[in-house]
Amino acid sequence: MNKKIIFLAFSVIATIFLSSCGSAADQGKKQVEFFSSKSENQVILKQFVDEYEASHPDIKIVLSTPADAGTVLRTRLVKDDIPTIIAYGGDVTYTELANVGMLEDLSDESFVQDILPAYKKMTQDLQQDRTKLYGVPYVANASGVIYNEELFKRYNLEIPQTWDEFIQVCQIFKENNITPIEGTFKDAWTLQALFNPIAGTLSPDEMMRDRKENKTKFQNEWPTVLEKMAEAMTYTQKDAMGTSYADGTQAFAKGESAMLINGTWAIPEVVKANPELNVNIFPLPASNEASKNVVTSGVDVMFMIGKGTKNQKEAKEFIQFLLEKQQLARYCDDQFAFSAIKGVSQTESSLSGISPYIEDGKVTDFIDHLLPNGYDLASMLSEFALDQTNNPKDLKANTDRILNKMDDTYDVANIK
């Protein structure tokens, strides 16, 4: 017989044998499925799973990180095949799961006691019933103004605390022939990084819930938000609408602009492109009352338990393990995240401009987390930005048109 065929046959037999051994080894163990929506964190989560299983030989944690996790999860829910542990962000998917009774109430679990109050409230605000807690916030991300520290020092600029101070900083850079803000609006989602902090800061506390109940309209609440957004856009480079996120990040890294308005996730990309660049981030100060300015921050990962699933005791014990400070600190370092649990600080120097805000609970959620599934805020902001770029003198008309469209689209998507 051909040696190659013999080798292949042996390999197949060996693979089957090893697989059988692995399955046999897991027989008798209590299995807990751990469904995670983020591919970026699967390496660190797999490390946690391996460590936990090593000290709990009677437990098998099955980590699942499928592509297009939202679609996969919804499909499974339709088939009544809900995972035991679900790790997901604090957005409309969580709202849907909580409101239709697909999740266990975790309010009385001991591990919820150390959640930072701001993120506990943020999670409950996503639910119809705010008296319960269906998700345990684990870590958060944030958005703000990433800035070139060297350029700020060169012109003796302080971090702006109000909107007028922010515009004054932009004006100083413009007068010195430095692009104040690197616009990356070819990728429409990046406009949300500008919109979210302005809308989140200036909107009344209950505005999004009132909008859901049709007690108000965007056209009543957001004219000033779009006006300030348009004002900030006048300090971007000329081709901001044609610059992608990737290209804009590279340009900022090269020192071609002073600021980049985006999330903390952009900082590693900037540093990767230029390790010598010193950057930091501050909250976009949307209000002229400094005390009202907060950081736009959302729950990036929370843990839920599927309603009626098996081995919930074991699932809760594993969640408790993940919430321990040692694991949580490792996760935050690995994923450039902020802890939603008391006692774990983010010490990365490039995040020092917003870390104190987060620890003090001076945060507001991303507006798009509060919008119905399928509501394409980014594309409507892109329409507004393009109209404003082409016809800057027509601000009121551009604002009225897009706010009416936002309201009409919302009314269609807001199906109870």
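Read on for a plain summary of the structure. (Residues numbered from 1 in each chain as written. Predicted model: local features only at pLDDT ≥ 70, side-chain atom pairs only at ≥ 80, totals over all residues. Heavy atoms only, no water.)

This paragraph deals with the overall build of the protein. Secondary structure assignment for the protein yields 18 helices and 10 strands. Taking all 416 residues of the protein together, the buried fraction comes to 50%. Pairs at least 24 apart in sequence give 77% of the contacts found in the protein among residues at least 6 apart. When the accessible area of the protein is evaluated, it comes to approximately 19,500 Å², of which 50% is carbon and sulfur surface. Side-chain charges of the protein comprise 41 positive and 59 negative groups, with the mean position of each set lying 4 Å from the other. (Helix = DSSP H or I, 4+ residues; strand = E, 2+ residues; numbered from the N terminus. Buried < 20%, exposed > 50% of the residue type's maximum accessible area, 1.4 Å probe, protein only. Contact = heavy atoms within 4.5 Å. Areas by Shrake-Rupley, 256 points an atom, 1.4 Å probe, with all protein chains shown as cover. Lys, Arg positive; Asp, Glu negative; His and termini not counted. Charge placed at Lys NZ, Arg CZ, Asp CG, Glu CD.)

Scanning all chains against the criterion turns up 24 salt bridges. The closest approach of N and O atoms between Glu33 and Arg76, which form a salt bridge, is 2.7 Å. Here the residue Glu33 occupies a position in strand S1 (residues 30–36), and Arg76 occupies one in helix H3 (residues 69–78), the gap between them amounting to 43 residues. Summarising the burial analysis for this pair, Glu33 and Arg76 share the class buried. Of the charged contacts, one joins Lys313 and Glu317 as a salt bridge, the two residues approaching to 2.8 Å between their closest N and O atoms. One end of the pair, Lys313, and the other, Glu317, are both in helix H14 (residues 312–323), four residues apart, so they sit about a helical turn from each other. Since its relative accessible area comes to 35%, Glu317 is described here as partly exposed. (Salt bridge = Lys/Arg side-chain N within 4 Å of Asp/Glu carboxyl O.)

This part covers the packing of helix H2 (residues 42–55) against H14. Interhelical geometry of H2 versus H14 gives an angle of 120° and a closest axis separation of 11 Å. Classed by the angle they form, the pair H2 and H14 counts as oblique. Where H2 crosses over H14, the two elements pack in a sense that is right-handed. Of the residues in H14, those in contact with Phe48, Val49, Glu51 and Tyr52 of H2 are Glu314, Glu317, Phe318, Phe321 and Leu322. Of the residues contributing to the contact of H2 with H14, the split by class is six nonpolar, no polar and three charged. (Axes fitted to C-alpha atoms, helices over the stretch in contact; angles between N-to-C directions. Parallel < 35°, antiparallel > 145°, perpendicular 65-115°, else oblique. Left-handed = near helix turned anticlockwise from the far one by under 90°. Nonpolar A, V, L, I, M, F, W, Y, C, P; charged D, E, K, R; others polar.)

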